[in-house]
Amino acid sequence: MGVFTYESEIVSEIPAAKMFKACVVDGDTLIPKIVPQAFKSVEYIQGNGSQFEYMKQKVEALDKENFEYIYSVIEGDPLMNKLEKITYEIKLEASPAGGSICKTTSKYYTIGDIELQEEAVKEGKEKASGILFKAIEAYLLANPNAY
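Residues numbered from 1 in each chain as written. Predicted model: local features only at pLDDT ≥ 70, side-chain atom pairs only at ≥ 80, totals over all residues. Heavy atoms only, no water.

- As annotated in an unreviewed UniProt entry, the chain carries the name Bet v I/Major latex protein domain-containing protein and comes from Hibiscus sabdariffa.
- Per UniProt, the chain has the following entry under Sequence similarities (unreviewed entry): "Belongs to the BetVI family." (UniProt positions renumbered as here; feature names shortened; annotations may be inferred.)

Set out below in structure tokens:
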């Protein structure tokens, strides 16, 4: 098994506390509402919680005071029969401009000798996180009293 790591950052106008509450704490109800084309429903089976038919995630850590969230995809289409799991470590921080910076570290645990193409991972990650994060940001900007 190998581990491929990818790091990214997304900047938002929304303060870290508000974005964390919308994305993580209330994400199970908010995300299907604002991105219905990507998420039919979010159901937590274990822990606290697209283009894929099915995905099962496991919450590894949730720190509401420090705006940190770690979860793993442990079953489903995103693993493509090539990955044991994918772990996402998300940290929201205040930006100097008054909004927030979302720092994400993604760790892809491959099965056997399978090698991932860095460009494909980067493209998929940027597309997925960009769509979701920007959709939540747009919702919060349009609804300033939410959260």
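Next comes the rest of the account.
1. Concerning the environment of T105
Part 1: Within the secondary structure, T105 is located in strand β5 (residues 100-110).
Part 2: Counting along the chain gives 28 residues from T105 to D77, while the straight-line C-alpha distance between them is 20 Å.
Part 3: Discounting chain neighbours no more than four positions away, the residues touching T105 are T5, Y6, E7, T87, Y88 and E89. (Helix = DSSP H or I, 4+ residues; strand = E, 2+ residues; numbered from the N terminus. Contact = heavy atoms within 4.5 Å.)

2. Let's talk about helix α2 (residues 27-34)
Part 1: Turning to α2, its buried residues are G27, L30, I31 and P32.
Part 2: On its buried face, α2 sits against α1 (16-25) and α3 (118-142). (Buried < 20%, exposed > 50% of the residue type's maximum accessible area, 1.4 Å probe, protein only.)

3. Points about the sheet that holds strand β3 (residues 68-76)
Part 1: Pairing is antiparallel across the open sheet formed by five strands, whose spatial order is β1-β5-β4-β3-β2. The strands lining the two open edges of the sheet, one partner per strand, are β1 (3-12) and β2 (55-63). Here the strands of the sheet are splayed against their neighbours by 15° on average, with no regard to which way each runs.
Part 2: Where β2 meets β3, eight bridges bridge the pair, whose relative direction is antiparallel. Note on β3: the bridge partner recorded for L62 is Y69. (Pairing = 2+ DSSP bridges. Axes fitted to C-alpha atoms, helices over the stretch in contact; angles between N-to-C directions.)

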